[in-house]
Amino acid sequence: MKNSVSGRNPHGASRRDFLRVAGRSAVATALAGAIVPHVHAAEQSTIKLALIGCGGRGTGAVTDAFATSGGPVKLYAMADLFENRLQGSLKRLSDAAADKVDVTPERAFLGFDAYKKAIDCLSPGDVVILTTSSVFRPLHFEYAVQKGLHVFMEKSFAVDAPGTRRILKAAEESEKKNLKVGCGFMWRHSKARQEVVQRIYDGAIGDVHTLRIYRVHGPVYCPKLPEGANELMFQLQRPVSFNWVTGGFFIDWHCHNVDQACWVKNAWPVAAQGMGGRCYAEAGNLFDHYSVEYTFADGAKLFAWSRHMPNCWNEYADFAHGSKGSAVIMANLGQPQPKIYKSQKMEKDEIVWEYGQPDLNPYRAEWQILVDAIRQDTPHNEGRRAGEANLATLMGRMATHTGRYVTWDEALNSDFEFIADIDNMSENTPAPLQAGPDGIYAAPQPGLTKEI
């Protein structure tokens, strides 16, 4: 696979300029190697893991790390806000791979500062796994980089522009320190997707002018706030239902599709406008449907649809249209089944190429690449791209919630933030959002809501 298949073009610069920008990580790594100690693990030495955030994503990430080859990997420390979640994850992982779990009670931490305690258990060459809700991702990433540790961080990465800027700054510092960073966009490591993207880069469908991405399926359900509940902890236990916790499902879930579409286009969008609303009150403080039109520097469009309602048409797929044909980038989540057509008719007799075989497991592939880079001290840092993809998705939510036409620069430089001092949040911090008398949370109001 040619290098260009994983390249990025921030706003339609030439392919050569784009690859030069994408190569900054490698340059920084080479420079860092001359001035800082190497922080890679020896070929057969044990890589220790600290899991920060013990929900399903975190447990799955550890399972994928355990499946890597090339040397031993052990879970050494864990941290979470909720004891039942930590203990449940520990039990599942121990039951599945007891020989790879070495978490003593003294290395299982609870609370808002637990991440520091777990990270402090590691040494250079080890990996911090960041899988909490993304409101905490910037400060956790910063601390891991400060400690000189490699990082695997799940999407999404920040809930507002100040948090995204923190991610980007920490990513830059991680490059200087020669750290390896995986960012949880596993679709980038799917062989099927890589193949169709490379063919598009090689001109199979001509100039890409339109992209369509869909994540429309069942609802996100948030119950009414129980009487007497700690409202902050209630919201943190239902993260995808609250914009301040994960950015909402358009950010936390749809960022995969936005990143993939921008990968296909080989550029980031320069502006966005969107529309949305809420039909069902049990959606936290989110809209339950979003329609966003992104514009690229060359005028090409990306249309992003995200809807979560019962009894509606469902689709989870991505498509590209060019001057000479069209392509299925992903037909479904499990098996993308990419295809290229000679026209805009996506019909069987119009197919000129299809992948035609099962895809590898991209969750496992992204971990193998990260571990190999650590053991062999080869360049691998996806932190900058994580921040930029997060900003692209965030721009769409900003436009939809505010009703404004939002440019990339406006999104990046926005001072709006949901929480002014997330670093010092505690269980006694007042919840950023308050439920109404009926226990229901108000949705954004375009024309009135401020997110820029």
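Draft legend 1. Structural view of the packing of aromatic side chains. Considering all chains together, one arrives at 16 aromatic pairs under this definition. Pairing F249 with Y290 gives two aromatic rings, centres 5.6 Å apart and planes at 85 degrees, and the pair type is edge-to-face. One end of the pair, F249, is in helix α11 (residues 249-252); the other, Y290, is in strand β9 (residues 289-295), with 41 residues separating them in the sequence. In this structure Y290 comes out as buried when scored by relative accessible area, which is 2%.

Draft legend 2. Highlighting the side chain of T131. As for its position among the elements, T131 is in the loop between β4 (127-130) and α6 (137-146). Within the structure, T131 has its side chain in polar contact with the backbone oxygen of G53 (distance 2.6 Å). The contact partners of T131, leaving out residues within four places of it in the chain, are L51, I52, G53, R57, G58, R137 and E154.

Draft legend 3. View of the pairing of strand β12 (residues 326-330). Most of β12 is tucked away: five of the five residues are buried. Of the strand pairs in this sheet, strand β11 (residues 315-322) and β12 are connected by four bridges, and their pairing is antiparallel. By the bridge assignment for β12, H321 is matched with S326. Counting the residues that bridge the hairpin from β11 to β12 gives three residues. Sheet topology places β12 next to strand β13 (residues 339-341); three bridges connect them, and they run antiparallel. Its bridge partner lying in β13, S326 is registered against Y341.

Draft legend 4. How the structure looks around the pattern of salt bridges. In total, this model carries 21 salt bridges according to the counting rule given. We note a salt bridge from K48 to D126, for which the minimum N-O separation is 3.0 Å. On the criterion of sequence distance, the pair formed by K48 in strand β1 (residues 47-52) and D126 in the loop between α5 (114-119) and β4 is long-range, its members being 78 residues apart. D126 carries the same exposure label as K48, and that label is buried. The residue R85 makes a salt bridge to D80 at a minimum N-O spacing of 3.1 Å. In the salt-bridge network here, residues are joined through shared partners; they are E142, R166 and D423.

Draft legend 5. Spatial organisation of the confidence of the model for the protein chain. Of all residues in the protein chain, 90% have pLDDT values of 70 or greater, and the mean over the chain is 91. This model gives residues 6-37 a pLDDT under 50, and the stretch forms 51 contacts once residues within four places in sequence are excluded.

Draft legend 6. Quick peek at the side chain of K180. Along the chain, K180 falls in the loop between α7 (161-176) and β6 (181-182). At 3.0 Å, the side chain of K180 and the side chain of N178 are in polar contact.

Draft legend 7. Spatial organisation of the sheet that holds β4. Spatial strand order, β3-β2-β1-β4-β5-β6: six strands in an open sheet with parallel pairing. The open sheet is flanked by β3 (108-110) and β6, the only strands paired with a single partner. Bridging between strand β5 (residues 150-153) and β6 involves two bridges; their strand directions are parallel. Along β6, the bridge assignment pairs F152 with G182. Those strands touched by helix α4 (residues 83-96) are β1, β2 (73-80) and β3, and its axis lies near 165 degrees from that of β2.

Draft legend 8. Examining the environment of D415 more closely. Looking at where D415 falls in the secondary structure, it is placed in the segment after α15 (408-413). Placed 252 residues apart in sequence, D415 and G163 show a C-alpha to C-alpha distance of 9.8 Å. Filtering out sequence-adjacent residues up to four positions away, D415 remains in contact with P162 and R165.

Draft legend 9. Focus on the nonpolar core. In this structure, I52, F141, I200, L236, W244 and Y294 are the most contacted members of the largest nonpolar core, which totals 98 residues. Among the elements that take part in this core, helix α14 (residues 383-402) stands out by supplying eight residues, more than any other. Formed by 24 residues, the second largest nonpolar core is a distinct cluster that contains C54, L90, I129 and V371.

Draft legend 10. Broad picture of the layout of surface pockets. Its volume calculated, the second largest pocket comes out at about 450 Å³. If you go around the second largest pocket, you meet 31 residues; those closest to its centre are R85, T131, T132, S133 and P239. Sorting the residues of the lining of the second largest pocket by element identifies α3 (56-66), β2, α5 and α6 as the ones contributing at least two each. Examining the composition of the lining of the second largest pocket, we find that three residues originate from one element, α3, more than from any other. The residue makeup of the lining of the second largest pocket, split by class, is 13 nonpolar, 12 polar and six charged.

Conventions adopted
- Residues numbered from 1 in each chain as written.
- Predicted model: local features only at pLDDT ≥ 70, side-chain atom pairs only at ≥ 80, totals over all residues.
- Heavy atoms only, no water.
- Phe/Tyr/Trp six-rings, centres within 6.5 Å; stacked < 30°, edge-to-face > 60°.
- Helix = DSSP H or I, 4+ residues; strand = E, 2+ residues; numbered from the N terminus.
- Buried < 20%, exposed > 50% of the residue type's maximum accessible area, 1.4 Å probe, protein only.
- Polar contact = N/O pair within 3.5 Å; in protein donor to acceptor, adjacent residues only side chain to side chain.
- Contact = heavy atoms within 4.5 Å.
- Pairing = 2+ DSSP bridges.
- Salt bridge = Lys/Arg side-chain N within 4 Å of Asp/Glu carboxyl O.
- pLDDT = per-residue confidence, 0-100.
- Axes fitted to C-alpha atoms, helices over the stretch in contact; angles between N-to-C directions.
- Core = buried A, V, L, I, M, F, W, Y, C linked by side-chain atoms within 4.5 Å.
- 1 Å grid on protein atoms, 1.4 Å probe; cavity = no way out; pocket = protein on both sides within 12 Å on 5 of 7 lines; lining within 4 Å.
- Points joined across faces, edges and corners; volume = space filled by probe spheres on them.
- Nonpolar A, V, L, I, M, F, W, Y, C, P; charged D, E, K, R; others polar.

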